[in-house]
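# Tertiary structure, described
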Amino acid sequence: SALVLNADGLADGVIDLELRDLSAKGIGFVVDCHTDAFMRDGAALALPLPDRQQAVFPAQVRRRNACDGGVHYGCTFDGTST
């Protein structure tokens, strides 16, 4: 799951996601169409990393593509380049 942040950077909701890939610089995940409708207007995210579940890390959405029954998002963690 991930936190969705509002324009002020405050938590605005929690989404469920399917992790597709993870690196030190970014993350790729898939959400269902209902979740995509909530996120697609430029929502920012904060995600826990699998090895550090106690903290969340802000991430910027860099790309969004339709995929098998859902939508794939590619994000970079704040402070990293694409």
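Predicted model, so just to flag it, every value in this text is computed and none were measured.

Enumeration over the complete set of coordinates arrives at one aromatic pair. Each ring, one from F29 and one from Y73, has its centre 5.6 Å from the other, and the planes form 10 degrees; the classification is stacked. With F29 in strand 4 (residues 26-31) and Y73 in strand 7 (residues 70-77), the pair connects residues that are 44 residues apart, well separated along the chain. Exposure remark for Y73: the relative accessible area of 1% places this residue in the buried category.

This part covers the environment of A44. Mapped onto the elements of the fold, A44 is located in strand 5 (residues 44-49). We classify A44 as partly exposed; its relative accessible area is 29%. Every residue in contact with A44, bar those within four places of it in the chain, is listed here: L3, V4, L5 and A59.

Of note, T76 is situated in strand 7. Within the structure, T76 has its side chain in polar contact with the side chain of R62 (distance 2.8 Å).

Okay, the nonpolar core next. Counting residues in hydrophobic clusters, the biggest one holds 14 residues, and the most contacted among them are I15, F29, V31, M39, L45 and L47. Those elements that provide at least two residues to this core are strand 1 (2-5), strand 4, strand 5 and strand 7. A per-element tally of this core places strand 7 first, with four residues.

Moving on, we come to the pattern of salt bridges. According to the stated counting rule, one finds two salt bridges in the structure shown. R20 is the partner of E18 in a salt bridge, and the nearest nitrogen-oxygen pair spans 3.2 Å. The shortest N-O distance in the salt bridge between R64 and D36 comes to 2.7 Å. Remark: D36 occurs in helix 1 (residues 33-39) and R64 occurs in strand 6 (residues 52-67); sequence separation between them is 28 residues. Since its relative accessible area comes to 42%, R64 is described here as partly exposed. Given the relative accessible area of 2%, D36 is considered buried.

Quick look at the pairing of strand 2 (residues 11-15) now. As paired strands, strand 1 and strand 2 are joined by four bridges and run antiparallel to one another. Its bridge partner lying in strand 2, L5 is registered against A11. Hairpin geometry of strand 1 and strand 2 is characterised by an intervening segment of five residues between the two adjacent antiparallel strands and by a positive phi of about 80 degrees at G9.

Conventions we followed
- Residues numbered from 1 in each chain as written.
- Predicted model: local features only at pLDDT ≥ 70, side-chain atom pairs only at ≥ 80, totals over all residues.
- Heavy atoms only, no water.
- Phe/Tyr/Trp six-rings, centres within 6.5 Å; stacked < 30°, edge-to-face > 60°.
- Helix = DSSP H or I, 4+ residues; strand = E, 2+ residues; numbered from the N terminus.
- Buried < 20%, exposed > 50% of the residue type's maximum accessible area, 1.4 Å probe, protein only.
- Contact = heavy atoms within 4.5 Å.
- Polar contact = N/O pair within 3.5 Å; in protein donor to acceptor, adjacent residues only side chain to side chain.
- Core = buried A, V, L, I, M, F, W, Y, C linked by side-chain atoms within 4.5 Å.
- Salt bridge = Lys/Arg side-chain N within 4 Å of Asp/Glu carboxyl O.
- Pairing = 2+ DSSP bridges.

That is the geometry; function is a separate question.
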